[in-house]
Amino acid sequence: MTVQTRVATALPRLAWRNLWRHRRRTWLLVLVVAYATITTILFWGVQDGFTQSVQVGNARFLSAPALITTPQYFEDPDPEQGLPSLDFLPRVEAQPGVKAAAPRLEFPALIRSAYTADAVRARGVDPLLEARVSNLPGAIAQGRMLEQPGEVVLGQQLAERLDVRLGERVVLDTSALAGPQALGLRVVGLVASGIAPVDRGTVLVHIQDARVLTGLQTATGVALDVTRGQEARIAEALQPVLPENLRAYDLTQLLGGLSSAIGTKQSSTFLIGMIFSLFAALAVTSTVLVSVLERTREFGMMGAIGMTPPRLAAMVTLETVFATSLGWALGLVLGYALNYWMATQNVLGPVFASYGAAWEILGTGGEIYTAQSPLYALYAALTIALAALFSILIPARRVLALNPAEAMRTE
Amino acid sequence: MFNLLSLSWRNLWRHRSRSLMTAGAVGLAVFFTLVYLSFLGAMENGIYNNLTASVGHLQVRVEGYRDKREFRDLLIPDAAGVEAQLAQKTQAARVIALEVPALIAGETRSRGALLLGDQRPPELRQRFIQQHLVEGALPAVGDLEGIALGQALAKALKLRLGDPVYVYAPGTLGRGAAAYRLVGLLRFPDPAVEARSAYLSLAAAQELAAPGSATRIELHFPFTRYAQDAQLGPIQAQLSQQLGPGLRLESWKEASPAIAQIFDLLTPLVLIFAALFFGLAGLLVLNTIYLSLLERTRELGVIVALGAGPAQVTRMVVLESLLLCSSGALVGGGLGLLLIAALSGGFSLEALYGEVGGAFGLPETIYLSLRAWDIPITLGFALATGLLAAWWPARVAASLEPVEAMRFTA
Amino acid sequence: MNLRFLLLLCLLGLGPSNAATDPQTVLKAVVDNQRGGSLRATLTLSITRPERQTQLVLEVASDGNERAITWVKAPAREAGQAFLRVGDNIQLYSPTLKRVLRLPPSGRSDSFLGSDLSYSDLAGRDLEQDFTPKVEAESESEITLELLPRPQAPTPYGKLVLRASKPGFAPREVLYYDQRGQAVRKITFAQWVQAGGRSFPTQVTVEDLLRPGHRTQVVYSNYRFGLPIPEGCFTVRALEAGC
């Protein structure tokens, strides 16, 4: 190493060595910072994950990430307002961001068992495509998803209400473009999603059967699987590709009032997150402050042997930066690991079951996963940086104004 | 002990700023936990209030109503008489409701729906309007011509405000059919419910399907806190005796047991959050105690050389920690309680959630409230933190070699 | 060659008796007896429940095939209502509303005017369309058919057991089973009258086997078979005006 480099790196190296001379003190600071980082990551992971599960619940169970229908259908969801043709499908599928396009035929119907009858809203689907735009096939708790015409999948609570078991036949009656029609369908699967409207109201039939029943030969809408978070943008980009009389609606438009509820919840979450960050920052600040104040005597000694106050202040700053960065890195590793665990295993579901029951209608279901985002590292870093900065300012000024002789006599 | 206490206290005061900061941290943890707990208490109360506002605390129904299918079997005859009887025995607000499965038709389209006719006191009516009315108005009391429909139902029937609505309810005891005017549109969180909902005044529904009868009578008590729910038990038993044969009084918990579970499950959530806050504070306390120990190593060495045993040293460390935590807890707790008391008159969450919150069952006004065990638990956390944080430094202190310690330089 | 001759002999030998127990033919004969032919009649519906009894008087005109029109004559509260069934389309007239309403599937509870009859019981040839018959038992005076639903047939029942008298194949009883082997509904026929080569049951009792004490009895009186029924009878106008 050249002389200049040695001189330039002297302070950092000194700072680093200092850290390890006071191992326990350093570890404490590292621990506090790591803890603050971990809790920040988890807090945001849980909050975002909760919001996400509401959105996913709606997008993937009740509705669709994006839906192409006639504007008349949007106002009046009846097979009478179905799509005039499905010719535009290949163009839509070719659009960037669109991962799958599944035609759907939804219609009001009466479902009958040998014991009772109930009014439902049935959905005719293409079994293979539907799995790509909806989580319903994955939520089938008993039996399997439909494969061919003549089969039906029901929500578990609906099946209980009708007193119908797997393998039994139910009758679906409807009256649309072809007049009153009825079909007997075999129950092949039962859906249990933890989302009340889904479990109470799902009736999935093959789109062929739906066409026979309603007399509509196309579909009432095309559900799209698009890149998450890009729904609105892609829906708009689709407009030019669609025929004159069709529109693409994204999730926020489909949800209506619910999306503004989510929006306001986001802002309140931010507020709580800020409070949380403040608390974490305070913890860091006090730790740094305490550990720096402790070494007043030591600084006095260093001042006496020739270290100028500015350099001393710089060294203290460096030590703090190193220690907090270490803590932040450690916190990131542990925090993201924990977050990953909670994002893939349904750890939170039972814990949130209490909120889940109350928010059941919003579509959270029994499974709650945390969200993952590099942003959380940023939140944590900001919190800690601010805290550390603040916590250095005070002792740094002290250090600058240090009188070595006095300092050495401190206890 | 006296010596140890004053010794510990003096130790703390020797490093005023450090002690203050740490105690402050503990105090902050206590403060935040109490405030958070009171928020949760408020949410619990809010959910409770919302739920009981929509279904009542107690309901009078026909015996075995869940298994009955025929409309006539579900009827409570002479509903007004039953209500009057109950009115003599309780101050609770009473809602009389009649549910009629019926066919609802517009000009060209018709759908099967569930018609509800009810009569509610003004506050409950106002609340219903706030939560569910989107456009127009709810049919007035005694209105025989107005009807309100779920938005989705009105859309499906292609109806707009002012249009005539035809209702057909065969096999019932009243007129069996009637024409109304659409006066209001309603929204419900569950789209399936919205597509099958229609509202009439009680008088109109009775005239249509069952003169003088109802399918349920709800009793709404002026409770605002979940804790008050315990009073229902004896009231329920007493009022049940008033009812005639064939009728049953059911509590809201019996009517929807799944939702009743919410309240039992809120606690774990609280404890987790509290643990998070106290974890942070605990680390701080640990930090402080340990540092102070390190500083006084020589001094401790002297004390041990003078005859203090490991037990005494441990006790000193633990006592310091506890003193730190409890003083912080007292101040933080005091401030927290002050804040909660100030806000317990109720403040509005509208700023945060907007009106949409109301539609989804979130309380609009928050009444912060602490439950009986909230304070002891929080203080318990604080003390536990103090004890835990002291454990390790105490061990270190107890195992000090006096001679080594006296030579120690920080 | 010998084999073929033997086969022919067997077929000839079996021929006549085969025709007698061909389940499809038997079923058609039963349904013909139950509905076949145009009919005008007065129906008295007696609805029995554990705590009460109700009576309705209806007048019906049917072409024996896909169309039927029914007017409610008594009691006074229900009188004036009328139902027109053309195929699976049902329209009703309400004198209170002075309107004709279409009855969509979602609006059809399984109960016609609060009785144990469903809307599909009133007319239609569902038995033939939706089921495959098989002879279960046969004696000198009676034949029992087991009816199993065709694939995708719009019926929630697991099987039907139909008893008819021989000869003539007048229906005696139909038992409706759910898909778990439990009988949920029983329809009993009695008081047959001979008209135009058919044995028409003028007393039909529908029993809900899941709810003891729930029973509806339909008695036909003032019946006239084979009369030509004008087309105008099966229009919306006839609901209010009669024909």
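Before any of the text, the structure's been laid out above.
Note that the coordinates shown come from a computational prediction; the quantities given were computed from them, not determined experimentally.

### Notes on helix α8 (residues 207–214) of chain A
All names here are of chain A.
Here is step 1 of the chain: Buried residues dominate α8, accounting for six of its eight residues.
Here is step 2 of the chain: All of the buried residues in α8 are I207, D209, A210, R211, L213 and T214.
Here is step 3 of the chain: Following α8 by one or two positions, G215 adopts a phi angle in the positive range, close to 80 degrees.

### Describing the nonpolar core
Here is step 1 of the chain: In this structure, I104, I147, L149, L153 and V167 of chain B are the most contacted members of the largest nonpolar core, which totals 100 residues.
Here is step 2 of the chain: Considering every element that reaches this core, the biggest residue donor is strand β2 (residues 93–105) of chain B, with eight residues.
Here is step 3 of the chain: Once you skip the residues sitting within four places of it in the chain, I104 of chain B turns out to touch S110, R111, A113, L153, L157, V165, V167 and A198 of chain B.
Here is step 4 of the chain: Counting 68 residues, the second largest nonpolar core, distinct from the first, contains A102, V188, L204 and L224 of chain A.

### Focus: the environment of A156 of chain B
Here is step 1 of the chain: Position of A156 of chain B relative to the elements: it lies in helix α5 (residues 151–156).
Here is step 2 of the chain: The class for A156 of chain B is buried, based on 22 C-beta atoms found within 10 Å.
Here is step 3 of the chain: Residues A156 of chain B and G106 of chain B, spaced 50 residues apart in sequence, show a C-alpha to C-alpha distance of 9.2 Å.
Here is step 4 of the chain: If we ignore the near neighbours within four places in the chain, the residues touching A156 of chain B are D78 of chain A together with R109, R111 and A195 of chain B.

### Remarks on the packing of helix α2 (residues 23–62) of chain A against helix α13 (residues 309–344) of chain A
Here is step 1 of the chain: Axis separation between α2 of chain A and α13 of chain A bottoms out at 7 Å; the angle between their running directions is 35 degrees. Relative to α13 of chain A, the crossing made by α2 of chain A is right-handed.

### Some remarks on unusual backbone geometry
In most cases, non-glycine residues show a negative phi, while peptide bonds are predominantly trans.
Residues and elements named next belong to chain C.
Here is step 1 of the chain: Looking along the chain, the bond that leaves A74 and enters P75 is cis, with omega of 5 degrees.
Here is step 2 of the chain: The peptide bond linking K166 to P167 adopts the cis configuration, its omega dihedral lying at -20 degrees.
Here is step 3 of the chain: With respect to the helices and strands, the residue P167 is situated in the loop between β9 (159–165) and β10 (171–177).
Here is step 4 of the chain: Positive phi values are uncommon outside glycine, yet Q152 reaches one of about 65 degrees.
Here is step 5 of the chain: Relative to the helices and strands, Q152 resides in the loop between β8 (142–149) and β9.
Here is step 6 of the chain: Classification of Q152 as partly exposed rests on a count of 18 C-beta atoms within 10 Å.
Here is step 7 of the chain: Of note, the phi angle at F169 is positive, near 55 degrees, even though the residue is not glycine.
Here is step 8 of the chain: The topology assignment puts F169 in the loop between β9 and β10.

Conventions used here
Residues numbered from 1 in each chain as written. Chains lettered and ligands numbered in written order. Predicted model: local features only at pLDDT ≥ 70, side-chain atom pairs only at ≥ 80, totals over all residues. Buried ≥ 20, exposed ≤ 12 C-beta atoms within 10 Å, placed from the backbone. Helix = DSSP H or I, 4+ residues; strand = E, 2+ residues; numbered from the N terminus. Core = buried A, V, L, I, M, F, W, Y, C linked by C-beta atoms within 7 Å. Contact = placed C-beta atoms within 7 Å. Axes fitted to C-alpha atoms, helices over the stretch in contact; angles between N-to-C directions. Left-handed = near helix turned anticlockwise from the far one by under 90°.

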